[in-house]
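# Summary of structural features
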Amino acid sequence: MTAPDLVRWGTPAARGVLATTILGSGMAMLDGTIVNVALPRIGDELDASVSGLQWILDGYMLALASLILIAGSLGDRYGRRRVFVIGVVWFGVASVLCGLAVTTEMLVATRILQGIGGALLTPGSLAILQSAFPRAERARAIGAWSGLGGIAAAIGPLVGGLLVQVWSWRLAFLINLPIAVVCVWLARKYVPESCDQQQHTGKPNVLASVVGAVGLAGVTAALVELPVRGAADVLVLGSGVAGLAGLVVFVVLQRRSADPLVPPQLFASRTFTLANALTLVVYAALGGVMMLMVLQLQVSLGYSPTAAGLAGLPITIVMLVLSGYSGRLAQKIGPRLQLVVGPMLVAAGMLLLLRVEPGASYLGAVLPAVTVFGLGLATVVAPVTATVLAAAPDQYAGVASGVNNAIARTGGLLAIALLPAVAGLTGAAYADPVALTASWRTALLVCAGLAVAGGLVAIGVRNDVLSGEPEPEHEHPEPGECLHCGVDAPPSAYARSRPE
């Protein structure tokens, strides 16, 4: 992109670019919140089993986690605005199909399609900001995007609950269509096109993406169907074997490729590897708890969808208020202390959630637990994202962020697939308050253990990893600047600084 094409702060074009990126990323974020809140209503209307609910969540996350790496590179190669708009349109159309689903299987299939759209648009928001604004104004643009996007995330639970309660869970999906239409109009009017043709001369590594997706899908299918069908079932065995084989082939392809999606040399850094291991287990714990909490609140405590959505609002508010401070503190004292203490606070919040059972009050049981939970996430999320970026070579800053985002979503994907079986929740047991509460307690203990493991892993992280100054041509946002309230995953900061 040449200098005359850049957007200047304070102009109508700058406001249009910000509105476009906030609407696009906010639509995907809002959808995740709404679907969680809507799960009990979906299960009741479609007569879905626990495995059906798992697939409704995991189908979306599977497509997103599998394709998000190649989606970021497609934007760099073929045009960030073009791929972003395709993703928004795809997401909007798939959302309508989700809203029209009449069976669990149809909803799962359309959720997979929705995940493909999400993968195309998710990395595009920050990439557009990085390429559209001059270097001196990027931090300001990213800060505005993060703050306004955080407000959207904060009101998400309320909006989700109201939409489900006013009419139907179907409105939770149909609402995306008008948002997508406005987003596309804004993108075409205000967002300049940009790409990095010089850095991408070969073909996209589609084969590796497909093999990786098959690997994740096979493992996920085996984990979800194992409690229902048993280990000897042909589908379970076949899916498990195909999944493991796919993941092995993916690793081999990455090691042999001249232009891999995930450069193996990234993992030569112990700090990069440990920070991603922490991300995997903490976001696995987070994904499992967030799925079951909305069920526990609505089924066992009798909350309405709106009240259940609002119950977790303090988590987002605490992250919105404190994550920037947390990032700056990590820059000042080093990230290790926060990467150890943050997961421990997350675990403490999960243990406090053990008190959320039939008859428990919000102020006495739910609020203290979600507040501590949120404090833990605010402590760890910005530092771990900054640590991943700082531990990677500058030329891999974009892909390092993409890897971290994909690992976070994979952690949630596997937790949702595995945790109900570990907790003894199968069939239609989620509709029984007694059975659900027993499984809820078991799940909280397992997830708290995962969070503690994440904190222990962080002991090996280099504490001086954030002390180095980035090279001018590979400028990174400061820790906390590009957080965008990473409740479901870290920010998708694929973009590197572009030549002026």
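Above this text sits the structure in question.
So, how was this worked out
Residues numbered from 1 in each chain as written. Predicted model: local features only at pLDDT ≥ 70, side-chain atom pairs only at ≥ 80, totals over all residues. Heavy atoms only, no water. Patch = residues over 30% accessible without salt bridge, like charges linked within 9 Å, V, L, I, M, F, W, Y side chains within 5 Å. Areas by Shrake-Rupley, 256 points an atom, 1.4 Å probe, with all protein chains shown as cover. Salt bridge = Lys/Arg side-chain N within 4 Å of Asp/Glu carboxyl O. Helix = DSSP H or I, 4+ residues; strand = E, 2+ residues; numbered from the N terminus. Phe/Tyr/Trp six-rings, centres within 6.5 Å; stacked < 30°, edge-to-face > 60°. Buried < 20%, exposed > 50% of the residue type's maximum accessible area, 1.4 Å probe, protein only. Lys NZ or Arg CZ within 6 Å of the ring centre and 35° of its normal. Expected span 1.5 Å × (residues − 1).

Okay, a nonpolar patch on the surface next. There is a patch of nonpolar side chains on the surface, built from L148, I151, I155, I317, L320, V321, L322, Y325 and L375 and spanning about 770 Å² of accessible area. Among the secondary structure elements, those contributing two or more residues to the nonpolar patch are α6 (135–166) and α13 (313–333). Summarising the element assignment, L320 is placed in helix α13.

The description of an aromatic ring pair uses the distance of the two centres, along with the angle that the planes make with each other. Summed over all chains, the structure comprises three aromatic pairs. With a centroid separation of 6.4 Å and 80 degrees between ring planes, the pair formed by Y60 and F91 is classed as edge-to-face. Here Y60 is found in helix α2 (residues 50–78), whereas its partner F91 is found in helix α3 (residues 80–99), with 31 residues between them in sequence. We note that Y60, like F91, is buried. The interplanar angle of 75 degrees and the centroid separation of 5.2 Å between the aromatic rings of F267 and F272 together place this pair among those described as edge-to-face. On the basis of relative accessible area, F267 is assigned to the partly exposed category, the value being 35%. Classification of F272 by relative accessible area gives buried; the value is 0%. Its guanidinium or amino end placed over the ring of Y325, R328 lies 4.9 Å from that ring's centre, counting from NZ or CZ.

Scanning the entire structure with this criterion turns up three salt bridges. Here R462 makes a salt bridge to D464, at a shortest N to O gap of 2.9 Å.

It is worth spelling out unusual backbone geometry at this point. A positive phi angle is found at D47, which is not glycine, with a value near 55 degrees. Relative to the elements of secondary structure, D47 occurs in the loop between α1 (12–46) and α2.

The end-to-end C-alpha separation of helix α11 (residues 270–300) is 44 Å, in line with the 45 Å expected for 31 residues at 1.5 Å each. The element α11 is extensively covered by neighbouring structure, given that 25 of its 31 residues are classed as buried. Phi turns positive one or two residues past the end of α11, at G302, with a value near 75 degrees.

Just distances and angles here, no functional claims.
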